[in-house]
Amino acid sequence: ARLDGLGPAKSVAQLAAVLGRSFTFDLLATVSAMDTELLARLLDRAVGSGLLLHEGPLGEGQYFFKHVLVQEVAYESLLRRNRRTIHERVARVLDAQRSVGAAAAPELVARHYEAAGLPKDAAMRYQLAATLAAEGSGHREAIAFLRRGISLARQLDDAGEGRELEV
């Protein structure tokens, strides 16, 4: 009910819920393609309602959902096809940021691609995450990432491409 009471700020909370329990203003602004002043006002309204917490100056900094259940309700209130579209947009933004040196974890990008229904892209990012984990002696993490990537590779429509990626 409190989420519904946000009015236009509800859509911002829903978009933020796709990003995760915490998110930056910059990432939300990039993904939303909304005017930053309007976005800052809508986020301020969500913070004022007590659903979000904020660290930093208005229109900057880190935002957090007050409770994971609030994030889950906002996330689940989105239509599935809208969630998939947003996950794809987030994955592409994070990928673009990674290509210019930002620190977006490849497993995070992979999870967004997976939620977007893009198993090939997700499997490739899990492979990268496994490589980075193994380089840092995170062998268990690397194995988990590889298993997830193999599982996704097996879901590809093109069996040859799936087998090649699996190998």
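So, a few notes on the structure that sits alongside this text. (Residues numbered from 1 in each chain as written. Predicted model: local features only at pLDDT ≥ 70, side-chain atom pairs only at ≥ 80, totals over all residues. Heavy atoms only, no water.)

1. Focus on the side chain of histidine 112
To keep things clear, this is the line we draw: Segments assigned H or I by DSSP are reported as helices when at least four residues long, segments assigned E as strands when at least two residues long, and all are numbered from the N terminus. Three exposure classes are used, based on accessible area relative to the maximum for each residue type with a 1.4 Å probe and protein chains only: buried under 20%, partly exposed in between, and exposed over 50%. Residues count as neighbours in contact if any of their non-hydrogen atoms are within 4.5 Å of one another.
With respect to the helices and strands, histidine 112 occurs in helix α6 (residues 106-115). Residue classification places histidine 112 among the buried residues on the basis of a relative accessible area of 4%. Setting aside anything within four residues of it in sequence, one finds histidine 112 in contact with Val18, Leu19, His87, Val90, Ala91 and Leu94.

2. Some points on the sheet that holds strand β1 (residues 22-24)
In a beta sheet, neighbouring strands are held together by backbone hydrogen bonds and run either parallel or antiparallel to one another. Heads up, the condition is: Between any two strands, pairing holds if DSSP finds at least two bridges. Each axis is a line fitted through C-alpha atoms, taken for helices only over the stretch in contact, and angles between the N-to-C directions span 0 to 180 degrees.
Across the sheet, three strands lie side by side as β1-β3-β2; this open sheet has antiparallel pairing. Of all the strands in the sheet, just β1 and β2 (52-55) have a single pairing partner and so form its edges. The average angle at which neighbouring strand axes cross in this sheet is 25 degrees, direction not considered. Relative to strand β3 (residues 62-65), β1 runs antiparallel, the two being bridged by three bridges. Opposite threonine 24, over in β3, you have glutamine 62 as the bridge partner.

3. Details of the pairing of β3
Alternating residues of β3 divide into Tyr63 and Phe65, all buried, and Gln62 and Phe64, none buried. Summarising the sheet, β2 and β3 pair through four bridges and their orientation is antiparallel. Note that in β3 the partner of glutamate 55 across the bridge is glutamine 62.

Read these as geometric descriptors, not functional statements.
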